[in-house]
Structure formats: structure tokens, C-alpha cells
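Residue-level listing of the chains:
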Protein chains: 2
Amino acid sequence: MENPLQKRFAPAEIAEAEAFIDTNPEAPLDPRIERLVNDLIGRVADKWTLLVLELLEERGTLRFTRIAEQVEGISQKMLTQTLRQMERDGLVIRTVHPVVPPRVEYALTPLGNSLSAAFCGVWVWAERNLEAVEEARRRFDTRD
Amino acid sequence: MENPLQKRFAPAEIAEAEAFIDTNPEAPLDPRIERLVNDLIGRVADKWTLLVLELLEERGTLRFTRIAEQVEGISQKMLTQTLRQMERDGLVIRTVHPVVPPRVEYALTPLGNSLSAAFCGVWVWAERNLEAVEEARRRFDTRD
DNA sequence: TGCCATACGCACCAAGAGGTGAGAAATGGA
DNA sequence: TCCATTTCTCACCTCTTGGTGCGTATGGCA
């Protein structure tokens, strides 16, 4: 214990950790941009948004009740809210046909399609690693 | 009136919509798998999880307080919760050094790294389309 | 006459997410 | 002796999220 730090931390570990941090210095990102991106991700990475996005991507144009049927577990209120949000963000177009009873159709915009494509990798990951995650959970849950 | 629907809706629109749906028939996915994937997406597409994932990806190993400093706005409680969840899902490894005061380090597992890579496309999309989304919102907000 | 279908808006309420502040545990330093 | 440090857990409280049910417009239909 010639070094007082040895009493508190393992020096090798400290050195290792700090070396690692040094090799990965702070990225020179504009914090303003980063905040906006984080915000946007927070909006877009919503569970219902993701599910509706995927559904519209694979089915094309759908009307309100059709979406409600296919997105299992979503309430009418949440679906309305989600679609409004997506419309505001420019991800879907909402077409109202002035007929009785009302007929409203939703479809992805090119922006929505590009977002869906961007999420494609995540879906693939989820499918591919589902088993690994479940096993990790089992291992975590069955120990101390 | 061979089809009673014609009385209530514009036939051309119906035909168009149904043709569209026909070209995109139901995907033959196992609903059990799909439910699991949706569930996993719901877990993983959490705001804090995403931010922590990205941070660990670009900085490597970090200890608790470092993460708390860098992920702006996260509370201690949420950070603990998020890290536990990620550990349970096999996305991060948690290393406790039995020293005083405690030193706990977090790093991504290979699984975590692969998820981060899968989300890469989404980050790029967000950066690239930030402007488009903001403009869509302005347009939406300033009309009727 | 009265009911149905469709896509909502609104109001009310329960459940859960998340913030805050306290405390715990071990030890070197003032 | 007492404090600072670090990574939490726990209890309490607030605020948001989301579910449920009701209302609405309108024209065809039994």
C-alpha cells in the first residue's frame, strides 16, 4: 500500500479505464443538433408509432378501423393520437373522403417510408436476437 | 346494386383500396414470434435505453456517475433502472470492483454492440431528416 | 321511425412512470 | 471524530399516460 489509491481502487483497473476513455474522447457534436436528434428519436421511437409504421409499410394504404384491427392492443384514442402525431411529423398522409359514413385513409409519405427503412435493421436485429435476449433474461433471473 | 357497398362508398375508391390491399397480402408471420418481437422492440426502443446505448457505444466503458453526467436529464433512479434492464437483456455487462467507495463499470456486450449498430440507420435518418420533420410540423401547425 | 356504420373529440378515472430526498456501507483524510 | 465519496435502495408524492364510455354527424335501410 505504498500508493494510497491502492487502498481505494485497483490501480490496474483505473489505468485501464482511463486509457479506454482517452482513446474515445468527446465527440465534437453540436449539442443543439444532438438535443434535437434525441428529441426526435424520443418521439419516433414510440411503441405504437413503430407498429403503425411497420403495418402501413407492409400493407400500403389503410383506413382507420383496419389499422385498429391489426395493431393488437391499441385503443382508439391512442391510434388517433399516434396517427395525428405521425401526420404532423410528415410521416403519413391522411385522406378524408367526404362520404357517409366517413372514410379516412392513411398511407406513408416518402419520409415515412424512409424512416421505416431505417428501422428495418432494428426489426431484423430483434428477430435474430430474440432468443439471445430471452436466454440472457433467464440467466439473469435465476442467479442470486 | 350487385354490391351493396356501392351505395355507401365511392366504388372507384373501394376498388383502388382493395386492389392495393390485395397486392400486399397478409404476411405469413408466426403471430407468436411477432408478438415477442413487438415486445422486445417496445423494451428496447425506450428513450433512456437508446441514449445510454449510444453513449456506451461511443465512449466504451464508463462508470455510473460518468453516464449520469453525460446523459442529460436522466435521474439517478432512471439510470439505475435502465442499466438493470439492459443488463438483464444482455446488452451491458456490469462490473463491480469491491473497493471503497464503490466503483461500478458498465460496458456494452457484443449483443449490445450489435443493437447499437442496428440503430445506426435510425440515428442517421434522424440527423438527415430533422429539417424535413420540423418543416412538416410548421406546415401542419400553421394550417386550418 | 329508428338503427347502423365510421372516425373521431371529450371528460373522467386508474395505473404507472418518474422525481426527490433520505439512508447505508466502508475507509482514508482533516 | 467526523466528513466525503460512490452506487445504489426505499419510501413518498406528483404528473403523465392511457383506458373507457359517451356524444356527434349523416344518409341508407328495415
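Residues numbered from 1 in each chain as written. Chains lettered and ligands numbered in written order. Predicted model: local features only at pLDDT ≥ 70, side-chain atom pairs only at ≥ 80, totals over all residues. Heavy atoms only, no water.

Q: Sorry, what's going on with the pattern of salt bridges here?
A: Where charged atoms from two side chains of opposite charge come close, those side chains can pair. Under the counting rule described, the total for this entry stands at 12 salt bridges over all chains. For Glu135 of chain A, the salt bridge is made with Arg139 of chain A, and the minimal N-O distance between the two is 3.3 Å. Linking Glu135 of chain A with Arg139 of chain A, this pair stays in helix 7 (residues 110–141), spanning 4 residues, or about one helical turn. Residue Arg139 of chain A is classed as partly exposed on the basis of its relative accessible area of 46%. Glu105 of chain B is the partner of Arg103 of chain B in a salt bridge, and the nearest nitrogen-oxygen pair spans 3.3 Å. Across this residue pair, the class does not change: Arg103 of chain B and Glu105 of chain B are buried. (Salt bridge = Lys/Arg side-chain N within 4 Å of Asp/Glu carboxyl O. Helix = DSSP H or I, 4+ residues; strand = E, 2+ residues; numbered from the N terminus. Buried < 20%, exposed > 50% of the residue type's maximum accessible area, 1.4 Å probe, protein only.)

Q: Help me out: how do you make sense of the confidence of the model for chain A in this one?
A: Should the pLDDT be low somewhere, the predicted coordinates at that spot are not to be read in detail. This prediction gives chain A a mean pLDDT of 79; 76% of its residues lie at or above 70. Segment residues 1–28 of chain A: pLDDT under 50, and 27 contacts once partners within four positions in sequence are set aside and those in other chains are kept. (pLDDT = per-residue confidence, 0-100. Contact = heavy atoms within 4.5 Å.)

Q: Mind showing me how you'd approach the sheet that holds strand 2 (residues 92–97) of chain B here?
A: All names here are of chain B. Spatial strand order, 1-3-2: 3 strands in an open sheet with antiparallel pairing. Two strands close off the open sheet at either side, each with one partner strand: strand 1 (62–63) and strand 2. Note that strand 2 and strand 3 (residues 103–108) share 6 bridges and pair antiparallel. Along strand 3, the bridge assignment pairs Val96 with Val104. On top of the sheet, helix 3 (residues 47–59) reaches strand 1, strand 2 and strand 3; it is set at about 90° to strand 3, its chief contact. (Pairing = 2+ DSSP bridges. Axes fitted to C-alpha atoms, helices over the stretch in contact; angles between N-to-C directions.)

Q: Hey, could you run me through the interface of chain A and chain B in this one?
A: Accessible area lost upon the coming together of the parts is a frequently used measure of interface size. On the chain B side, the residues contacting the 66 residues of chain A number 63 residues. Summing both sides of the interface, chain A and chain B together bury roughly 5,900 Å²; the carbon and sulfur share of this comes to 66%. Of all residues in chain A, Arg88, Trp125 and Arg137 of chain A give up the largest surface area on contact with chain B, accounting jointly for 13% of the area buried on that side. Scanning the region where chain A abuts chain B turns up 4 salt bridges. (Buried area = accessible area lost by both parts, 1.4 Å probe.)

Q: Help me understand the relation of the copies chain A and chain B in this model?
A: Here the second copy of the chain follows from the first by a rotation about an axis and a shift along it. Relative to chain B, chain A is turned by 180° and slid 0.0 Å along the rotation axis, the superposed coordinates differing by an RMSD of 0.1 Å. On this basis, the relationship between the two copies can be described by a two-fold rotation axis. Minimal C-alpha distance to the rotation axis in chain A is attained by Ala45 of chain A, lying at 2.8 Å. Residue by residue, 94% of the interface of chain A is reproduced at the interface of chain B, so both copies engage with the same surface. (Least-squares fit on C-alpha atoms with pLDDT ≥ 70 in both.)

Q: Help me out: how do you make sense of the protein's contact with DNA strand D in this one?
A: Around DNA strand D lies a shell of 17 residues, among which Ser75 and Lys77 of chain A together with Thr65, Arg94 and Tyr106 of chain B are the nearest. Taking the atoms of DNA strand D that fall within 4 Å of the protein, sugar and phosphate contribute 62% of them. Within the side chain of Ser75 of chain A, an N or O atom sits 2.5 Å from a phosphate oxygen of DNA strand D. Contact distances for DNA strand D include 3.0 Å between a sugar or linking oxygen and a backbone N or O atom of Pro102 of chain B. Only helix 6 (76–88) of chain A together with helix 4 (64–70), helix 5 (76–88) and strand 3 of chain B provide two or more residues apiece to the surface near DNA strand D. With 3 residues, the single largest contributor to the surface near DNA strand D is helix 5 of chain B. Broken down by class, the residue content of the surface near DNA strand D amounts to 7 nonpolar, 4 polar and 6 charged. (Near = heavy atom within 4 Å. Polar contact = N/O pair within 3.5 Å; in protein donor to acceptor, adjacent residues only side chain to side chain. Nonpolar A, V, L, I, M, F, W, Y, C, P; charged D, E, K, R; others polar.)

Q: It is not clear to me how unusual backbone geometry should be interpreted in this structure. Could you clarify?
A: Put simply, Val100 of chain A and Pro101 of chain A share a cis peptide bond, and its omega is -5°. Looking at the secondary structure, you find Pro101 of chain A in the loop between strand 2 (92–97) and strand 3 (103–108).

Q: For this particular structure, what's the right way to read the nonpolar core?
A: Nonpolar side chains in soluble globular proteins generally cluster together in the buried interior. Ranked by internal contacts, the top residues of the largest apolar core, which has 68 residues, are Ile67, Phe119 and Trp125 of chain A together with Ile67, Phe119 and Trp125 of chain B. Sequence-distant contacts of Trp125 of chain A, that is, excluding residues within four places in its chain, are made with Val133 of chain A together with Leu40, Leu91, Leu111, Ser114, Leu115 and Ala118 of chain B. (Core = buried A, V, L, I, M, F, W, Y, C linked by side-chain atoms within 4.5 Å.)

Q: Just checking my understanding: could you explain the side chain of Ser116 of chain A for this structure?
A: Residue and element names in this part refer to chain A. Secondary-structure assignment places Ser116 in helix 7. A residue is classified by how much of its surface remains accessible, and Ser116, at 11% relative accessible area, is buried. Sequence-distant contacts of Ser116, that is, excluding residues within four places in its chain, are made with Leu53, Glu57 and Leu108.

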